[in-house]
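What the coordinates show
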2 protein chains.
Amino acid sequence: MKTRIISGLCMVPLLVLVYLGGYFITALCIVIGFMGVNELFNGFNAMDVRPSRAIAYGSMMVLYVIGVLFPMEHEFIIAWLAASVMASSIYMFKINERKIEDALATMLGIIYVIFFSYHVVMIDRTEIYSGLVWLVLLSAFCTDIFAYFTGVFLGKHKLCPNLSPKKTIEGAIGGTVGSIVCCGLFGRFLLPVVSGVYSAAMPDMTVHCLIIGLIGAIMAQCGDLTASAYKRKMGIKDYGTLIPGHGGIMDRFDSVLFTAPVVYYYIVLVLM
Amino acid sequence: MKTRIISGLCMVPLLVLVYLGGYFITALCIVIGFMGVNELFNGFNAMDVRPSRAIAYGSMMVLYVIGVLFPMEHEFIIAWLAASVMASSIYMFKINERKIEDALATMLGIIYVIFFSYHVVMIDRTEIYSGLVWLVLLSAFCTDIFAYFTGVFLGKHKLCPNLSPKKTIEGAIGGTVGSIVCCGLFGRFLLPVVSGVYSAAMPDMTVHCLIIGLIGAIMAQCGDLTASAYKRKMGIKDYGTLIPGHGGIMDRFDSVLFTAPVVYYYIVLVLM
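Residues numbered from 1 in each chain as written. Chains lettered and ligands numbered in written order. Predicted model: local features only at pLDDT ≥ 70, side-chain atom pairs only at ≥ 80, totals over all residues. Heavy atoms only, no water.

Turning our attention to the nonpolar core. Counting 182 residues, the largest nonpolar core has A:Tyr112, A:Phe115, B:Tyr112 and B:Phe115 as the members making the most contacts within it. For B:Phe115, the residues in contact, after removing those within four places along its chain, are A:Ile78, A:Ala82, B:Ile77, B:Trp80, B:Leu81, B:Ile110, B:Met122 and B:Tyr265. (Core = buried A, V, L, I, M, F, W, Y, C linked by side-chain atoms within 4.5 Å. Buried < 20%, exposed > 50% of the residue type's maximum accessible area, 1.4 Å probe, protein only. Contact = heavy atoms within 4.5 Å.)

Here you go:
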């Protein structure tokens, strides 16, 4: 309970940055990418895998420069992805010092942390649909909160006892319903407000927000479990100690890394 | 020497398929993707890593269906990449049976083999520039052949003795020069012929082909060394036994996996 209140309070500055949008969101994602890669790679170090921070951070810098020079040009993004995977492979050429796992973990850091979190920036750049960036946080955090309380009061059947022993099927359902309802309410009442000048050009988005709430809730739980799986295999309890006793940035944003792509691709593949 | 002649002969049906283009190139890339993933994953099995063939092949099927339904829409490709990485992570949820390496190797198979080879299909779909698909093969194989002969006759200084003991710096330079010259000659004399109806709409491409010849030669050698590095770490000599005694499809196409993205991104980022 205390964890949730404290992590809730930590979200206040986050909400201000998202509300301000633009460069503030970019700055936020750079911080998440930077600290997230550091935490993930520390976790890999704990299992004696040594990914390359130089390649990951270099690749991140290139991505954000591309984003400024060629926003919304997806061919640059896939070229960047291919180049990053090549660079991570080339890292292995010092064959006596480095392992396959070092190269693969570098790729994971680049794609899972840097690229996934970058989707928040891309959502913000869609202009007319930039207000939907709130759904990234809303679906992730509402799923978490509603799953927690439903689990506490109604939880009977374990969801995946080996991977995350406290999670229940009732909690997963409660979290999903909570996310759908919150995203729907947001779409109906708040989206026109946060969209400002764009709201006139936008059709009613309630149904779309309900759908994103559903898919987002499923992917938020997959993101949460993915982080749990990595941590278990690394033999660590938390990724970091950003909030003493309550984990690092990757522990707070594990769901967001999976909901951000959901919202972005819903916008570009369904809405645009 | 014998290896090179035999592998040269194996390239004849390949050239026919590339000449025919369209569905024939797609079929060729499906075969390379299918067999390449199988060989790479067999290599991982040799080091007790068990990637998911189901996820890799499922993901490959989705990519080729996307390619038919939405050709040249890059947002579908990056959505597919993100989804494939998520699916590979979710594979780890059976936490007691599977390792982090299983998930990471699955991602590698999808990106390095399936996605990289798919660039040949994408080049073929650029229509006006589809004749440049020949540069993928030309830069890869000319680098290989010229590096071999330059190395045999002039080679004195080892390039990277730990990774690939036979390669020399002289060979690397000779391969690069050979690739530049062949790609340049191709651009000047053959490209207008193979481009058919599109050649009228195309400016003179000689300089572009020289540049692709240079970048392609460098990346072909990186691709070759990347495959060597993976094989060394897996403790295998060849990826497969497609041509008895002369390796598998991944041994023949290791350079092509790296030259295909070079040609494709040169087309979409520089020429288009």
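Right, let's talk about the interface of chain A and chain B for a bit. Across the boundary between the two partners, chain A contributes 46 residues, which contact 45 residues of chain B. Both sides of the chain A and chain B interface together cover about 4,200 Å² of buried area, and 84% of this is carbon and sulfur. Counting across the chain A and chain B interface gives zero salt bridges. Scanning the region where chain A abuts chain B turns up eight residue pairs in polar contact (both at pLDDT 80 or more). When contributions to the side of chain A that touches chain B are tallied by element, the ones reaching two or more residues are α4 (74–90), α5 (100–124), α8 (206–234) and α10 (256–271) of chain A. (Buried area = accessible area lost by both parts, 1.4 Å probe. Salt bridge = Lys/Arg side-chain N within 4 Å of Asp/Glu carboxyl O. Polar contact = N/O pair within 3.5 Å; in protein donor to acceptor, adjacent residues only side chain to side chain. Helix = DSSP H or I, 4+ residues; strand = E, 2+ residues; numbered from the N terminus.)

Glancing now at the packing of helix α6 (residues 133–154) of chain B against helix α10 (residues 256–271) of chain B. Residue and element names in this part refer to chain B. At their nearest, the axes of α6 and α10 sit 9 Å apart, and the two run at 135° to each other. With respect to their mutual orientation, α6 and α10 come out oblique. The way α6 lies across α10 gives a crossing that is right-handed. Residues Leu135, Val136, Leu137, Ser139, Ala140 and Phe141 of α6 form the contact with α10, whose participating residues are Val256, Thr259, Ala260 and Val263. The residue makeup of the contact of α6 with α10, split by class, is eight nonpolar, two polar and no charged. (Axes fitted to C-alpha atoms, helices over the stretch in contact; angles between N-to-C directions. Parallel < 35°, antiparallel > 145°, perpendicular 65-115°, else oblique. Left-handed = near helix turned anticlockwise from the far one by under 90°. Nonpolar A, V, L, I, M, F, W, Y, C, P; charged D, E, K, R; others polar.)

For the structure on display, the rule yields 22 aromatic pairs over all chains. For the pair B:Phe70 and B:Phe76, a centre-to-centre distance of 3.9 Å together with 5° between the ring planes defines the contact as stacked. You can call B:Phe76 buried: its relative accessible area is 15%. Both rings, one in B:Tyr264 and one in B:Tyr265, keep their centres 5.3 Å apart while their planes meet at 70°; by these two values the pair is edge-to-face. Judged by its relative accessible area of 8%, B:Tyr265 is buried. Taken together through their ring pairs, the aromatic side chains of A:Trp80, A:Tyr112, A:Phe115, A:Phe116, A:Tyr230 and A:Phe258 make up a single cluster. (Phe/Tyr/Trp six-rings, centres within 6.5 Å; stacked < 30°, edge-to-face > 60°.)

Further remarks concern the relation of the copies chain A and chain B. For these two chains of identical sequence, chain A goes onto chain B by a turn of 180° and a shift of 0.0 Å along the axis, with RMSD 0.0 Å. Each copy turns onto its partner about a two-fold axis. Most of the interface of chain A is mirrored in chain B: 98% of its interface residues are interface residues there too. (Least-squares fit on C-alpha atoms with pLDDT ≥ 70 in both.)

Residue and element names in this part refer to chain A. This structure, assessed with the given rule, holds six cavities of 30 Å³ or more. Estimates place the volume of the largest cavity at around 130 Å³. Along the walls of the largest cavity sit 13 residues, with Leu28, Ile32, Val120, Leu137 and Val256 positioned nearest its centre. Elements with a minimum of two residues in the lining of the largest cavity: α1 (2–20), α2 (23–46), α5, α6 (133–154) and α10. (1 Å grid on protein atoms, 1.4 Å probe; cavity = no way out; pocket = protein on both sides within 12 Å on 5 of 7 lines; lining within 4 Å. Points joined across faces, edges and corners; volume = space filled by probe spheres on them.)

An α-helix turns once per 3.6 residues; consequently, residues spaced three or four apart project the same way. In this model, helix α4 (residues 74–90) of chain B (17 residues) spans 24 Å end to end at C-alpha, consistent with the 24 Å of a helix rising 1.5 Å per residue. In terms of residue burial, α4(B) counts as a mostly covered element, since 13 of its 17 residues are buried. (Expected span 1.5 Å × (residues − 1).)

The next subject is the confidence of the model for chain A. Residues of chain A with pLDDT of at least 70 account for 96%, and the chain-wide mean is 93. Predicted complex, confidence summary: ipTM 0.95, pTM 0.95. (pLDDT = per-residue confidence, 0-100.)

Positionally, A:Ser179 belongs in helix α7 (residues 169–195). Leave out the neighbours within four places in its chain, and A:Ser179 touches A:Ser139, A:Cys142, A:Thr143, A:Gly213 and A:Ala217.

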